[in-house]
Amino acid sequence: MFGEISALIVLLPVLAFVLTLFLGKKLPSGGAYLPIAAIAGSFIISLGTFLEIYPDGMVQQSWPWFAGMNIGILIDPLAVVMLMMVSFVSLLIHIYAVGYMAHDPAKPRYFAETSLFTAAMLSVVLSDNILQFFISWELVGLCSFLLIGFWYHKPSAAAAAKKAFLVTRVGDVLFLAGIVLLYVNISEIITTRAFSIEPGNFILQFSTMFEAAKLIDPTQLTLITLLFFGGAVGKSGQFPLHGWLPDAMEGPTTVSALIHAATMVTAGVYLVARTFPMFVATPDTISPGVPDALLIVAYVGGFTALFAATMGLVMNDIKRVLAYSTVSQLGYMMLALGTAGAVLGAKAVGISMFHLIAHAFFKALLFLCAGSVIHAVGTNDIREMGGLFGKMKITAITMLIAALALAGIGFPFAGLGMPIMNIGTAGFFSKDAIIEGALEYGEVKGDMIPYGMAILAALLTSIYIFRLWFMTFTGKPRSERHAHESPGVMTRPLMILAIFALLFGFSQLGFYGYVEKNFELMNVEIAVHEGEAFHPSPIIVMLPVIVGVLGILISYAIYNRRMLDMSKLVSSGNPIYKLLLNRYYEPKLGADIIGVKLTHGVVAQSGEFIDRKIIDGLVIDNIIGKTVFMLGEIVRKLQTGVVQNYASVTLLGLGLLIILLKIKFGGI
Amino acid sequence: MNYVLLAPEILLTVLALIVIFIGLLVSDRSKNMLGYISAAGLVASLVYVLGTKGEGSFFYNALVIDPLSQFFKLIFIVVSLLAVIASIKYFENNRNQDEYYALILLATVGMMVVASANDLVSLFVGFELASMSTYVLAGFEKKNPASLEAALKYFIIGSLSSALMLFGMSLVYGVTGSTNITAIIEFFKANPAVSGLDVIAMVFLVAGFGFKMALVPFHMWAPDTYEGSPSVVSALLAAGSKKMGFVAAFRVLVLALVALRADLWVTFGILAVITMTYGNIVAISQRSIKRMLAYSSIAQAGYIALAFVVTTQMSIAGGILLALGHALMKGGAFIAVAVVGYMVLSDNKNAKNIDDIENFAGLGKRAPITAFALFVFFLALAGIPPSAGFIGKFVLFYSITIEAVRQASTWFLIVVIIAILNSALSIYYYARVIRYMYVLPPAGEKIKEPAPYVIAIVLAVIGTIGIGLYPQPFIEMAMNAANVVLGV
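All figures in this text were calculated on a predicted structure; none of them were measured in a lab.

J.: Any chance you could explain the overall build of chain B here in plain terms?
T.: When its secondary structure is counted, chain B shows 20 helices and two strands. Relative to the compact-globule value of 23 Å for 488 residues, chain B shows a C-alpha radius of gyration of 21 Å, a close match. Dimensions of chain B, computed from the C-alpha atoms along their principal axes, are close to 70 × 55 × 40 Å. Counting all 488 residues of chain B, 62% fall into the buried class.

J.: I would appreciate a short explanation of the overall build of chain A in the present structure.
T.: In terms of helices and strands, chain A carries 26 helices and four strands. Expressed as a percentage of the 668 residues in chain A, the buried residues total 53%. Long-range contacts, defined here as pairs at least 24 residues apart, represent 78% of the contacts in chain A between residues at least 6 apart.

J.: Help me out: how do you make sense of the packing of helix H1 (residues 8-23) of chain A against helix H4 (residues 107-126) of chain A in this one?
T.: A packed helix pair is summarised by two numbers, namely the angle formed by the two axes and the spacing between the axes. Residue and element names in this part refer to chain A. Here H1 crosses H4 at 160 degrees, and the two axes come no closer than 8 Å. Relative to H4, H1 is oriented roughly antiparallel. Judged by the twist between their axes, the crossing of H1 over H4 is left-handed. Each of Ile9, Val10, Pro13, Val14, Ala16, Phe17, Thr20 and Leu21 in H1 lies in contact with H4, whose residues at this interface are Pro108, Phe111, Ala112, Ser115, Leu116, Thr118, Ala119, Leu122, Ser123 and Leu126. Broken down by class, the residue content of the contact of H1 with H4 amounts to 14 nonpolar, four polar and no charged.

J.: Looking at this structure, how should I read the pairing of strand E2 (residues 70-75) of chain A?
T.: For a regular strand, side-chain orientation follows a simple rule: the groups alternate between the two sheet faces. All names here are of chain A. Here E2 lies mainly inside the structure; six of its six residues are buried. Of the two faces of E2, the one lined by Asn70, Gly72 and Leu74 and the one lined by Ile71, Ile73 and Ile75 are each fully buried. As judged from the six bridges shared by strand E1 (residues 59-64) and E2, these two strands associate in the antiparallel manner. Across the sheet, proline 64 pairs through a bridge with asparagine 70, a residue of E2.

J.: Teacher, can you tell me more about helix H12 (residues 289-305) of chain B here?
T.: Each α-helix turn comprises 3.6 residues. Residues three or four places apart therefore point the same way. In a regular helix each residue adds 1.5 Å, so 17 residues correspond to 24 Å; H12 of chain B covers 24 Å between its end C-alpha atoms and thus fits that length. With 17 of its 17 residues buried, H12 of chain B lies for the most part within the structure.

J.: Honestly, the nonpolar core in this entry has me stumped. Any pointers?
T.: Looking at soluble globular proteins, one finds that nonpolar side chains tend to be buried together. One finds Phe361, Ala364, Leu365, Ala402 and Ala501 of chain A to be the most contacted residues of the largest nonpolar core, which totals 220 residues. Excluding residues within four positions of it along the chain, alanine 402 of chain A makes contact with Phe362, Leu365, Leu366, Cys369, Ala498 and Ala501 of chain A. Among the nonpolar cores identified, the runner-up in size contains 204 residues, and Leu129, Ala238, Ala239 and Ala419 of chain B belong to it.

J.: Hey, could you run me through unusual backbone geometry in this one?
T.: Across residues other than glycine, the phi torsion is negative in most instances, and most of the peptide bonds are trans. Residue and element names in this part refer to chain B. Look at the link from valine 216 to proline 217: it is a cis peptide, with omega at 5 degrees. Note on placement: proline 217 falls in the loop between helix H8 (196-213) and helix H9 (221-228). Cis peptide bonds are those with omega within 30 degrees of zero, and the linkage from proline 385 to proline 386 qualifies with -5 degrees. In this structure, proline 386 sits in the loop between helix H16 (368-381) and helix H17 (388-406). A positive phi angle is found at phenylalanine 59, which is not glycine, with a value near 50 degrees. Relative to the assigned elements, phenylalanine 59 resides in the loop between strand E1 (56-58) and strand E2 (63-65). Positive phi outside glycine occurs at alanine 408, with the angle close to 50 degrees. Summarising the element assignment, alanine 408 is placed in the loop between H17 and helix H18 (410-438). Exposure remark for alanine 408: the 9 C-beta atoms within 10 Å place this residue in the exposed category.

J.: It is not clear to me how helix H6 (residues 145-176) of chain B should be interpreted in this structure. Could you clarify?
T.: An ideal rise of 1.5 Å per residue puts 46 Å on 32 residues; H6 of chain B measures up with 46 Å between its terminal C-alpha atoms. Phi for glycine 177 of chain B, located one or two positions after H6 of chain B, is positive at around 80 degrees.

J.: Help me understand the confidence of the model for chain B in this model?
T.: Interpretation of this model should avoid reading the predicted coordinates in detail wherever pLDDT is low. All names here are of chain B. Mean pLDDT over chain B works out to 88, with 99% of the residues at or above the 70 mark. Mean pLDDT across the elements of chain B ranges from a minimum in H8, with 84, to a maximum in helix H4 (residues 97-116), with 94. Predicted as a complex, the structure gets a pTM of 0.72 and an ipTM equal to 0.78.

J.: In this structure, what is going on with the environment of lysine 107 of chain A? I would like to understand it.
T.: Relative to the helices and strands, lysine 107 of chain A resides in helix H4. Along the backbone, lysine 107 of chain A and alanine 97 of chain A are 10 residues apart, and their C-alpha atoms lie at a distance of 9.6 Å.

J.: For this particular structure, what's the right way to read the packing of helix H13 (residues 292-312) of chain A against helix H18 (residues 449-473) of chain A?
T.: Residue and element names in this part refer to chain A. As a packed pair, H13 and H18 sit with axes 8 Å apart at the nearest point and diverge in direction by 25 degrees. Overall, the two elements H13 and H18 adopt an arrangement that is roughly parallel. As H13 packs across H18, the resulting crossing turns out to be left-handed. Note on element contacts: H18 touches H13 through Pro450, Met453, Ala454, Leu456, Ala457, Leu460, Thr461 and Tyr464, opposite Ala298, Tyr299, Gly302, Phe303, Ala305, Leu306, Ala309, Thr310 and Gly312. The class makeup of the residues in the contact of H13 with H18 is 13 nonpolar, four polar and no charged.

Definitions and cut-offs
Residues numbered from 1 in each chain as written. Chains lettered and ligands numbered in written order. Predicted model: local features only at pLDDT ≥ 70, side-chain atom pairs only at ≥ 80, totals over all residues. Helix = DSSP H or I, 4+ residues; strand = E, 2+ residues; numbered from the N terminus. Rg over C-alpha atoms; globule rule 2.2 N^0.38 Å. Buried ≥ 20, exposed ≤ 12 C-beta atoms within 10 Å, placed from the backbone. Contact = placed C-beta atoms within 7 Å. Axes fitted to C-alpha atoms, helices over the stretch in contact; angles between N-to-C directions. Parallel < 35°, antiparallel > 145°, perpendicular 65-115°, else oblique. Left-handed = near helix turned anticlockwise from the far one by under 90°. Nonpolar A, V, L, I, M, F, W, Y, C, P; charged D, E, K, R; others polar. Pairing = 2+ DSSP bridges. Expected span 1.5 Å × (residues − 1). Core = buried A, V, L, I, M, F, W, Y, C linked by C-beta atoms within 7 Å. pLDDT = per-residue confidence, 0-100.

Okay, here's the thing in structure tokens:
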């Protein structure tokens with residue numbers, strides 16, 4: 001029953017978007033309740049669909065669109081867990097926003113845009129073909145642009161929106177190029193009759209793509225998957241296209257939570273997971289036994305995880321710390337797909353998706369807590385906070401839970417062979433599995449670099465998040481502000497999310513089992529490495545937790561106990577600190593050198609020169625422009641308004657035609 | 001013979017007579033209902049056209065019902081319907097409404113007869129029925145000199161073109177000994193050698209049809225007429241009756257040319273390229289929006305005429321699709337201009353130049369629905385997706401590019417490039433109006449947009465975007481119609 005109406009999952013928020021946009025001003029709370037009701041509807045249908053198709057069903061609907069393309073819905077395990085997560089997190093954030101945005105005059109626009117965003121994101125998730133996926137993906141990007149620049153009167157917000165739009169566009173162009181290349185390749189193998197599309201299937205459907213992937217030229221396939229990954233790098237803020245994500249924090253905090261933590265940025269990971277069979281099918285030219293595409297995914301992900309974590313250490317803007325943390329965690333998800341994908345096959349999708357969803361819960365929670373703090377103290381700078389624990393207990397405790405989850409705190413009883421299950425936060429379960437996957441990859445393939453990056457990043461993660469927490473909530477207040485706990489409409493979503501951040505991890509085994517079956521259901525075989533059971537030593541099993549706790553202790557020592565005088569370390573004389581604080585000079589490199597000097601200076605200036613001097617000046621003004629307008633004037637004069645002239649022109653034209661044809665055919 | 005297939009024509013003819021008859025009986029005020037009756041009749045015949053499947057021929061093969069005729073009937077009825085709905089407001093309380101609606105209905109019947117005509121005589125009769133009715137409609141605002149001038153010019157040039165067309169037809173009859181198109185084609189197939197007389201006959205036909213299509217150099221009447229006529233009639237002329245020329249050309253010229261194996265693509269290529277370039281260039285310097293739309297309409301005719309250049313199934317389907325899209329976009333745009341006219345006149349009863357671009361300043365604030373609809377129509381006319389205009393142009397340009405590659409013809413490629421450059425050029429003058437509507441400050445208060453206008457333009461917007469979003473059924477219909485054109 002729910003499966004049949006699953007199109008409503010997308011259509012309800014679309015409807016809410018239209019209604020809120022046009023009628024929002026006349027409704028209470030700027031029309032906030034329409035999107036809330038609609039997204040609640042989407043969530044209920046997603047949940048109902050899940051219950052219906054669990055454990056091994058799917059929803060497939062498809063309508064022909066044009067020229068062999070289709071519009072369709074594919075709800076398989078992978079999609080359904082994403083659908084539930086997106087609609088649920090979005091629902092909570094919408095409720096929270098009723099309080100957070102209460103004083104903003106542009107509420108109808110806000111709620112309309114977030115509603116459209118949710119619809120687009122849900123449409124990304126349940127697309128059954130790559131074209132629809134791409135269109136929704138672009139719509140997601142557009143909504144993100146609109147929402148980052150929501151306070152468009154702020155120059156920094158407008159600049160951030162522009163940056164996000166342009167940087168992700170780089171990825172999108174690559175993604176589109178990948179789709180075109182894929183289309184060309186599939187058409188090619190269809191014309192050579194090596195492959196045919198069964199009736200009822202369409203050319204860019206995922207199932208067709210996976211079938212065709214086996215027959216496409218391997219080099220081309222690597223290129224296609226890497227182009228897809230290029231899109232994912234842009235959307236998920238992976239190195240080197242990560243720069244837009246921290247800047248995107250210029251939007252309202254709810255937007256940061258919704259888009260730049262929980263949902264949109266995961267679209268890139270979802271894309272790789274969705275097209276995972278194609279990544280697995282790429283040849284192994286670089287490292288034997290590891291598909292090229294996966295190797296690159298693993299290294300880009302691992303490097304991003306570490307690289308972003310280092311910058312998270314020194315940021316002073318509470319939201320920027322979280323932004324770098326998001327970039328870093330997305331790196332983990334990519335790392336999981338790459339490393340575990342190479343050794344464990346389809347299980348990697350489960351591991352990555354599990355972290356994705358766990359992360360959505362605790363990162364949304366972190367952002368909403370940050371929002372609550374900002375709401376209370378009116379600044380983003382953690383140097384001006386401190387001592388808020390007593391004043392905002394709910395926020396402080398829920399944020400502590402989220403920080404523990406991010407640091408991956410827990411105890412691996414089962415991992416050490418004890419007869420009780422592992423106990424820990426959601427992040428513990430999900431991140432441990434990733435690190436373990438990286439370790440197994442290292443053992444099997446003899447390449448420990450990804451594992452090293454993952455472990456080091458885990459240590460840094462724990463340090464920066466507890467630095468944030470200690471500086472915000474403990475110690476003495478460092479500025480005169482009358483902080484107060486946020487209203488119930490804001491704290492209740494915090495508590496709900498905290499429960500998920502605590503308990504979601506226990507669904508680990510069931511989750512893996514369910515999502516792993518995804519590609520089996522689609523009849524796609526993924527080669528799985530069958531090695532001997534993997535038993536690392538206890539110290540290795542404990543290592544992620546140990547570095548997590550170590551990180552907390554380091555933070556505690558420095559930022560709470562003040563055992564180390566930070567002022568010496570953070571003085572502007574320290575080159576490492578300067579490098580990190582300036583974000584590896586990436587904004588400078590990106591904005592000033594590439595953006596201003598290169599793009600503006602060379603490309604834009606010469607473009608402008610060509611445009612103004614040559615095209616406009618010479619061509620438009622003097623040649624084309626003058627000619628066009630002169631022609632316009634001449635023909636306007638031809639249009640005398642005297643009907644005799646009209647008749648003459650008609651007859652003249654007739655005569656000319658006859659002469660033309662006489663020249664061509666002769667002998668009249 | 002299954003006369004059910006002709007039910008739409010019969011229905012509309014009877015309705016036209018009933019409308020006139022009611023007009024005799026009722027008071028002037030009650031005549032406002034005639035618009036609703038006409039609209040209902042058009043909806044009913046639209047349902048007939050869409051609902052009846054099957055093909056047939058009638059009256060000794062003088063009329064045929066096939067996918068081509070049905071597709072163009074769809075266009076004609078939709079345009080008339082839009083015009084009639086908008087006229088409910090435009091001619092509200094006019095005491096000559098009965099004649100007005102009867103003429104619109106008869107003009108529609110004329111166009112539908114042209115769409116179905118399989119005989120030069122029935123073709124001519126359909127042409128004349130539609131032309132005579134629209135001559136009067138163009139001059140329907142008796143007290144407005146511009147309207148009268150428009151009608152008179154239209155009438156004179158129209159008569160000239162009819163004469164040329166009739167002469168062409170008589171030459172065809174002289175050569176082939178028949179007026180039936182099927183028989184003519186058979187004759188040409190049997191005697192494929194091109195004689196001088198064949199070609200002259202074709203040229204006269206091109207001139208006659210070209211007048212309706214407003215191809216350069218047979219276009220001179222169009223800007224004056226579209227500008228001077230009541231906006232709703234301009235919608236009918238630009239969006240509807242213009243397509244008569246295309247369906248006639250598809251049915252007679254393409255089939256005859258294919259049968260004759262006469263390679264006329266140079267002729268049509270030159271006509272198409274000149275027409276689109278001319279239309280776009282002159283449109284740039286216009287201040288009157290109706291005149292700008294007239295020139296843009298000429299340019300669009302140039303694009304559609306590209307279908308004759310390669311005469312493949314896909315190119316003809318593209319031309320037909322663009323004809324459908326153009327009907328919706330241009331019809332809707334003229335009706336939107338009518339709303340602006342209504343707005344300006346309600347500001348100032350004696351306003352002159354009511355469609356001047358200055359009057360569009362701040363339209364986004366004054367009449368948001370109209371402004372948004374115009375925005376959509378302009379983007380669609382410029383060929384931006386997702387819109388009917390994009391689909392038509394895409395299929396058309398794509399078909400020519402394919403031919404260019406297949407035949408390794410640089411000329412085809414040049415034609416496509418010119419067409420694409422033209423599309424880019426056209427964005428300039430559309431964007432100018434969009435700037436006026438959304439950037440410049442409004443000159444007056446927000447107005448209440450009258451419901452009939454809103455219904456008409458919203459229907460056109462839905463059609464324009466709907467075809468852009470879900471083109472498959474229309475592409476299929478157009479492909480079927482193209483098969484008829486090619487005699488497959």
